[in-house]
Amino acid sequence: MGTSVLSLRMDGELLERLRHHAARRGMSVQDYVVRTLIRDDFDQRFEAAVEETERFYGVT
C-alpha cells in the first residue's frame, strides 16, 4: 500500500493542542493525527459491523 499527502489548514490554537496531545504520547503531530484517524475509522467500521450483525439476527 502506498502513501499519499494530505494537507490541512488549522488555526494555531488547534495545532498547539495537537502538539500537546502528541507530546504526551511521545509522538509527532503527524503520527498522532494519523493514529487518531485510523482509530476513528476502525470505530466506525466496527459499529457498522455490529449493526449489520444485529439486523441479520433480528436484534434491535
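Calculation rules
Residues numbered from 1 in each chain as written. Predicted model: local features only at pLDDT ≥ 70, side-chain atom pairs only at ≥ 80, totals over all residues. Heavy atoms only, no water. Helix = DSSP H or I, 4+ residues; strand = E, 2+ residues; numbered from the N terminus. Rg over C-alpha atoms; globule rule 2.2 N^0.38 Å. Areas by Shrake-Rupley, 256 points an atom, 1.4 Å probe, with all protein chains shown as cover. Lys, Arg positive; Asp, Glu negative; His and termini not counted. Charge placed at Lys NZ, Arg CZ, Asp CG, Glu CD. Expected span 1.5 Å × (residues − 1). Patch = residues over 30% accessible without salt bridge, like charges linked within 9 Å, V, L, I, M, F, W, Y side chains within 5 Å. Salt bridge = Lys/Arg side-chain N within 4 Å of Asp/Glu carboxyl O. Buried < 20%, exposed > 50% of the residue type's maximum accessible area, 1.4 Å probe, protein only.

Q: How should I be thinking about the overall build of the protein in this particular structure?
A: Looking only at helices and strands, the protein features 2 helices and 0 strands. Rg of the C-alpha trace for the protein: 17 Å, well past the compact-globule value of 10 Å for 60 residues, more than 25% over. If you line up the protein on its principal axes, its C-alpha atoms span 50 × 25 × 20 Å. Of the roughly 5800 Å² that the protein leaves accessible, carbon and sulfur atoms contribute 54%. For the protein, the distance from the average site of its 9 positive side-chain charges to the average site of its 11 negative ones is 7 Å.

Q: It is not clear to me how helix α1 (residues 12–24) should be interpreted in this structure. Could you clarify?
A: Because an α-helix packs 3.6 residues into every turn, residues spaced three or four apart end up facing the same way. With 13 residues, α1 should cover 18 Å at 1.5 Å per step; its first-to-last C-alpha distance of 18 Å lies within 8% of that length. At the C-terminal side of α1, G26 shows a positive phi close to 70°.

Q: Please clarify how a negative patch on the surface should be interpreted in this entry.
A: Taken together, the side chains of D40, D43, E47, E51 and E54 present a region of like negative charge at the surface. Mapped onto the secondary structure, E51 falls in helix α2 (residues 29–57).

Q: Would you mind showing me how to read a nonpolar patch on the surface here?
A: Side chains of L6, L8, M10 and L14 sit close together on the surface and give an oily, nonpolar patch of about 370 Å² of accessible area. Tracing the backbone through its elements, the reader meets M10 in the segment before α1. For M10, a relative accessible area of 32% corresponds to the partly exposed category.

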